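# Analysis of the macromolecular model
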Amino acid sequence: MEDITIVFDETIALEDRIAPVFIEGLPGIGHVGKLVVEHLIQELGAVKIAEITSIYFPPQVIIGENGVVRLCKNELYRYSGENGSFLFLIGDFQSTSNEGHYLLSQVYVDIANELGVKRIYTIGGYGVGHFIETPRVIAAVNKEELSSLVTDAGGIFSDGEPGGGIIGAAGLMLGLASPLGIEGICLMGETSGYLVDPKSAALVLDVLTRLLDITIDPAKLNERASEMEVTVQRLIEQEKKGEEELSYIG
C-alpha cells in the first residue's frame, strides 16, 4: 500500500472532473464541516469521482452492513449544473500525525490545482468549550482582498481567534494553496466541541451559500439542528442543576 493512494473513476472523463471551486468538509470539531458538505452533496446530487486511502489514517477498518469491512477513505465528489461547478472533499478521517496532515493537505491542494480550481473553501468547527446560544461564523483567508466578500456574506474576523490557529486540513490547505495562486477561505462555526453540531453547520451553510451565490434548501440540516437543540437544552439544565446543588455545599 502506498503512503497516499488516489483512485479516480476512470469512467469519468478528465473534462468532467474539472471545477473552479473546491469545498473541503472533513471530520473535525462538532463535525461542522462534514455536516455542511454532506448536505451540499445530497442536495445537489454530486457524483463521486475519486477515493483517497492512506497509511496516515487511523489503523482501523470501517464496519458496514452485514459486518463487511472496508478501509478508511476520503472521497472527492463533483457537481456541475445550473448552480455552477464544484468539487467536494469529504470522508472518514483526517491524519493521525503531523506529517500526515501536511502530506494529505498537499495532495488535496495538488488535486485542486490539477482540476482547475481557483478558490478553495475549507469548513470546520471552532470549539469554545461551552454551549452557545447564537454561534458566530469565524473566518480566515489567504488573501486580504477576500475579506470583504466574507463579511458581506455574514462571516466575521476576530483577532486572535482561534487562539491556537487553525489545525488540520482546514488551515493547512489555505496556506499550501497560496503559493499556487489559489484563493482560500476558511469558515469555522462556533461550537461547544462536546457534540455533533448541526446548528453551527446550518449557520456556516448560510454564509457559504451566500459566497457561492447559490440557493440550497437547509430544511434537513435545520431539522437535525432542532433535534440536537433539545439534547443541548437538557444538558444545560443538568449542568445548572449540578451547580445549584454544589452551591449548598460548604
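Please refer to the structure placed before this passage.
A brief look at the structure comes next.

If you look at the biggest cluster of nonpolar residues, it comprises 35 residues, and the most contacted ones within it are Ile23, Phe88, Tyr121, Leu187 and Leu208. Broken down by element, the residue count for this core peaks at eight residues, all from helix 5 (residues 198–212). Counting residues in each nonpolar core, the second largest holds 29 residues, with Ile52, Leu87, Val107 and Ala169 among its members.

Enumeration over the complete set of coordinates arrives at ten salt bridges. Linking Glu10 and Arg17 is a salt bridge whose minimum nitrogen-to-oxygen distance equals 3.9 Å. Where Glu51 meets Lys73, a salt bridge forms, and the shortest distance between an N and an O atom there is 3.0 Å. Placement of Glu51 in strand 3 (residues 47–54) and of Lys73 in the loop between strand 5 (69–71) and strand 6 (74–81) is noted, with a sequence separation of 22 residues between them.

Another aspect to go through is a nonpolar patch on the surface. Together, Met1, Ile55, Val61, Ile63, Val69 and Leu71 line one region of the surface with nonpolar side chains, adding up to about 610 Å² of accessible area. Counting only elements with at least two residues in the nonpolar patch, the list comes to strand 4 (61–63) and strand 5. Inspection of the secondary structure puts Ile63 in strand 4. Overall, the relative accessible area of 62% leaves Ile63 in the exposed class.

In this section: the environment of Val141. Looking at the secondary structure, you find Val141 in strand 9 (residues 137–141). As for Val141 and Gly184, which are separated by 43 residues in sequence, their C-alpha atoms are 5.6 Å apart. With residues near it in sequence (within four places) discarded, Val141 still touches Leu146, Ser147, Val150, Phe157, Leu174, Gly184 and Ile185.

For the rest of this paragraph, the subject is the packing of aromatic side chains. Under the counting rule described, the total for this entry stands at three aromatic pairs. Centre to centre, the rings of Phe86 and Phe88 are 6.2 Å apart; their planes meet at 50°, and the pair counts as tilted. Phe88 carries the same exposure label as Phe86, and that label is buried. A ring pair is formed by Phe131 and Tyr194, whose centres lie 5.4 Å apart and whose planes are at 75°; its orientation type is edge-to-face. Placement of Phe131 in the loop between strand 8 (119–127) and strand 9 and of Tyr194 in the loop between strand 10 (183–191) and helix 5 is noted, with a sequence separation of 63 residues between them. For Tyr194, a relative accessible area of 48% translates into the label partly exposed. Put simply, the rings of Tyr79, Phe86 and Phe88 pair up and form one aromatic cluster.

As a further point, take the side chain of Glu75. Mapping Glu75 onto the fold places it in strand 6. Here Glu75 falls in the buried class, since its relative accessible area comes to 14%. Discounting chain neighbours no more than four positions away, the residues touching Glu75 are Lys48, Ala50, Glu51, Phe88, Leu89, Ile90 and Gly91.

Attention now moves to the pairing of strand 7 (residues 84–91). Consecutive side chains of a regular strand alternate in pointing toward one face of the sheet and then the other. Where burial is concerned, most of strand 7 is hidden: seven out of the eight residues are buried. Relative to strand 7, strand 2 (residues 21–24) runs parallel, the two being bridged by four bridges. By the bridge assignment for strand 7, Val21 is matched with Phe86. With eight bridges joining them, strand 6 and strand 7 adopt antiparallel strand pairing. Bridging across to strand 7, Gly81 finds its partner in Gly84. Between the antiparallel neighbours strand 6 and strand 7 lie two residues.

A separate point is the sheet that holds strand 8. Spatial strand order, 1-3-6-7-2-8-10-9: eight strands in an open sheet with mixed pairing. The open sheet has two edge strands, strand 1 (4–8) and strand 9, and neither has a second partner. Going across the sheet, the axis of each strand differs from the next one's by a mean of 20°, ignoring polarity. By the bridge criterion, four bridges tie strand 2 to strand 8 in an arrangement that is parallel. The partner of Val21 across the bridge, within strand 8, is Arg119. On the sheet, helix 1 (residues 32–44) packs against strand 2, strand 6, strand 7, strand 8 and strand 10 and is oriented at approximately 135° with respect to strand 7.

Another aspect to go through is the side chain of Lys73. Residue classification places Lys73 among the buried positions, given a relative accessible area of 14%. A distance of 3.4 Å separates polar atoms of two side chains, one belonging to Lys73 and the other to Glu75. In this structure, Lys73 is in contact with Lys48, Glu51, Ile52, Thr53, Phe57, Gly91 and Asp92, ignoring residues within four places of it in sequence.

Criteria and thresholds
- Residues numbered from 1 in each chain as written.
- Predicted model: local features only at pLDDT ≥ 70, side-chain atom pairs only at ≥ 80, totals over all residues.
- Heavy atoms only, no water.
- Core = buried A, V, L, I, M, F, W, Y, C linked by side-chain atoms within 4.5 Å.
- Buried < 20%, exposed > 50% of the residue type's maximum accessible area, 1.4 Å probe, protein only.
- Helix = DSSP H or I, 4+ residues; strand = E, 2+ residues; numbered from the N terminus.
- Salt bridge = Lys/Arg side-chain N within 4 Å of Asp/Glu carboxyl O.
- Patch = residues over 30% accessible without salt bridge, like charges linked within 9 Å, V, L, I, M, F, W, Y side chains within 5 Å.
- Areas by Shrake-Rupley, 256 points an atom, 1.4 Å probe, with all protein chains shown as cover.
- Contact = heavy atoms within 4.5 Å.
- Phe/Tyr/Trp six-rings, centres within 6.5 Å; stacked < 30°, edge-to-face > 60°.
- Pairing = 2+ DSSP bridges.
- Axes fitted to C-alpha atoms, helices over the stretch in contact; angles between N-to-C directions.
- Polar contact = N/O pair within 3.5 Å; in protein donor to acceptor, adjacent residues only side chain to side chain.

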